[in-house]
Amino acid sequence: MVNDTTLLLDLDGVSVMRVERLQCGGRRVHLATAEEAARACPACGVFASRVKGSATTRPRDFPYGESRLELVWHKRRWWCRETACPRRSFTEQIEQIPAGVRITRRLRAASGRRVRDSGSTVIQAARDLRLSWPTVMNAFRTCVREVVEAELPDVEVLGIDETRRGRTGWEQEPDTGKWKMTRDRWHTGFVDALGTGGLLGQVEGRTVADVLAWLSTTPLTWRKNIRHVAIDMSATYRAAIRTGLPDVIVVVDHFHVVQLANKMLSLVRRRTTAETRGRRGRATDPEWKARRRLLRNREDLTDDQFATMWNPLLGDGKIGQTLLTAWIAKESLRNLLALARTGASREQVGHARWKFLTWCADANIPEVRTLATTIDRWWTEIAAFITTGHSNAKSEGINRVIKLVARNAFGFRNAENQRLRTRCVTTRQARGHLRTVQL
Ligand SMILES: [Zn+2]
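Draft legend 1. Main features of the overall build of the protein. Helix and strand counts for the protein stand at 16 helices and twelve strands. Each of the 439 residues in the protein was classed as buried or not, and the buried ones make up 45%. In the protein, the proportion of contacts linking residues at least 24 apart, taken out of those at least 6 apart, comes to 61%. Carbon and sulfur atoms make up 49% of the accessible area of the protein, which totals about 23900 Å².

In C-alpha cells form, the structure reads like this:
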C-alpha cells in the first residue's frame, strides 16, 4: 500500500512515511523530506546541521482518481550558523514545493498547460484540478510566455486577415426601446500562410495603423524573409503592406474573388426580380428556386441539375437572360482563376482575362461592370495569385479556431488573454518540442 502510493506520487524530494485512511474514503499521505539539498540555507547555500524545530504543510498535488488524497509534509526548521549569513533560520524546501507555496509546481504547470494546449477553459481546468480561477489564470500566463516570447519562425508567405472577437453585442435602450450595437470588435490576425507557424500574432483593430503597429514589433531580419503577403480584398491591408513591407508581392486568393462574383450574382437576381415583377422574390419564382444553385460551380452541377435550373429561368424571359449573362461572367472569372499554378503562359492568362473583361463590358448590367472594375483594380494581386497559388486558406482555418476559443471564452475576462490563448492553440502543432510529457 505504501509502495503503491509512493509509485503513484512520484514527487521528487519527499518520501512517504505512512498513509492514513480517511473516513470519507480518501487517504492522507504523510511525507518526509528526502533531499539533502533541502537543508541548504536559501541565503548562503551552506548545509545546516542544527535542527530548530519542525513544521507541517499541506501541499496540493494532482487529484488521484475519485477519492481524495491529502498530503502532509513534515519538514524541519534549521538554524543557519554561518556567521556572515543574514538568515538566522529557515524551513526546508524542495524544487517541486518552494517555501511558502501551497501547490506543487507540477500541478500549477499542468493547470496552465491544460488551458494553453488542450483547449480547456480556465474554469474547467480549475474545476478538474480543484484549484481556484486566479491560480489557473496565473499559471496559464506563466506558461504562455514560452510561446509568446519564442522567436517568430521564418515566414515566406504572411497571411493577414480580419476576425471579429466574439459576437456583436446588442443592447436595448430603456427609453426609446431602440437596439444599438455595444460590441463590434475586430481583430487582425497574422498567420504563417505556407509553413506550420500558425497564428503569429493578433492585434485589436483593422486599420493601416494597427497592421503597421504589429509589423513594427517584429525584427527587421524576419520581415526581410517575407516574399508574399496573402490578404482578402481589403484595400486597407493592401495600403498597410505597401507601407510596412514595400518589397513583398501582395496576393489575393481566389476564394475572396469568387465570393465577390457570387455577391454580384445575388444582387443582380434581387434587382431584376424587383424591377420585372415589382416585388420581392417569392418561393414560386424560378430565379428564387435557383438562388443557391446559381452560386455553385458549373463543374459541381450535373447536366440534369444544370438543365433544371436554366430551362425554366430562360423560359421566363428577361430575368433568365440577365441572370445567364451575369452567371457567365462569374464562370468566366472562375476559369481565369483556375489557371493558377497550371503553368499557363502570360498569353493564356491575358487571353482569359480579356475574355472576362469584354464579356462584362458587353453585358450592360451595372453589377457585372462593377465586378469587372474591381477585378481590374486588383489585377496585380490576382495575377500574383495565378502565378503563385498562395492563399489565405490557413487564416480561414485559424479563424475557425479563434471563433471556437471565443465561444469558450467565459474564462477569459479580457481580449489580451483570449489572444494569447488563441495563439497558443493555433501554434500547438508547431511547437511539439516545447511540450513535456506529464499526466
Ligand atoms: Zn545561511
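Additional details are given in the paragraphs that follow.
Draft legend 2. Main features of the nonpolar core. Grouped together as the largest cluster of nonpolar side chains are 59 residues, with contacts concentrated most on Leu158, Ile160, Val229, Ile231, Leu333 and Ile382. For this core, the element with the most residues is helix H11 (residues 318-337), which contributes eight residues. There are two domains that each give this core at least three residues, and those are domain 2 (157-253 + 392-407) and domain 3 (254-388). Contact partners of Leu333, with chain neighbours within four places excluded, come to Val257, Ala261, Phe356, Leu371 and Ile375.

Draft legend 3. Summary view of the environment of Met17. Along the polypeptide, Met17 turns up in strand S1 (residues 14-21). Taking relative accessible area as the criterion, Met17 reaches 44% and is therefore assigned partly exposed. Linking Met17 and Ala32, residues 15 residues apart in sequence, is a C-alpha distance of 6.2 Å. Aside from chain neighbours lying at most four places away, what touches Met17 is His30, Leu31, Ala32 and His74.

Draft legend 4. View of the pattern of salt bridges. In total, this model carries 22 salt bridges according to the counting rule given. A salt bridge links Glu36 to Arg39; the nearest nitrogen and oxygen atoms lie 2.9 Å apart. Of the residues examined, Arg39 reaches a relative accessible area of 21% and is grouped as partly exposed. In this structure, Glu331 and Lys330 form a salt bridge, with 3.3 Å as the shortest nitrogen-oxygen distance. With respect to class, Glu331 is no different from Lys330; both count as buried. Residues joined by salt bridges that share partners form a network here, namely Arg18, Glu20, Arg28, Arg58 and Glu70.

Draft legend 5. Seen up close, the coordination of the zinc ion. Note on the zinc ion: its protein donors are Cys41 (SG), Cys44 (SG), Cys80 (SG) and Cys85 (SG). The metal-donor distances range over 2.3 Å. Overall, Cys44 belongs to the partly exposed group, its relative accessible area being 34%.

Draft legend 6. Fine view of the sheet that holds strand S11 (residues 228-231). On the basis of which strands lie adjacent, the open sheet formed by five strands has the order S10-S9-S6-S11-S12 and mixed pairing. Of all the strands in the sheet, the pair left with one neighbour each is strand S10 (199-204) and strand S12 (249-252). Taking each pair of neighbouring strands and ignoring which way they run, the sheet shows an average axis angle of 25 degrees. As paired elements, strand S6 (residues 157-164) and S11 share four bridges and run parallel to each other. By the bridge assignment for S11, Leu158 is matched with Val229. Here helix H14 (residues 379-388) sits on the sheet and contacts S11 and S12; the angle it forms with S12, its principal contact strand, is near 85 degrees.

Draft legend 7. Geometry of the pairing of strand S4 (residues 69-79). Pairing between strand S2 (residues 27-33) and S4: six bridges, direction parallel. Paired with Val29 across the two strands is Leu71, which belongs to S4. With seven bridges connecting them, strand S3 (residues 50-57) and S4 associate as antiparallel partners. Looking at the pairing, Gly53 lines up with Arg77 of S4. Of the pairings in the sheet, the one linking S4 to strand S5 (residues 89-91) comprises three bridges and is antiparallel in character. Its bridge partner lying in S5, Trp79 is registered against Ser89.

Quick notes on the rules
Residues numbered from 1 in each chain as written. Predicted model: local features only at pLDDT ≥ 70, side-chain atom pairs only at ≥ 80, totals over all residues. Heavy atoms only, no water. Helix = DSSP H or I, 4+ residues; strand = E, 2+ residues; numbered from the N terminus. Buried < 20%, exposed > 50% of the residue type's maximum accessible area, 1.4 Å probe, protein only. Contact = heavy atoms within 4.5 Å. Areas by Shrake-Rupley, 256 points an atom, 1.4 Å probe, with all protein chains shown as cover. Core = buried A, V, L, I, M, F, W, Y, C linked by side-chain atoms within 4.5 Å. Domains from an automatic or database assignment. Salt bridge = Lys/Arg side-chain N within 4 Å of Asp/Glu carboxyl O. Donors = N, O, S within 2.8 Å, 3.2 Å for Na, K, Ca; no water. Pairing = 2+ DSSP bridges. Axes fitted to C-alpha atoms, helices over the stretch in contact; angles between N-to-C directions.

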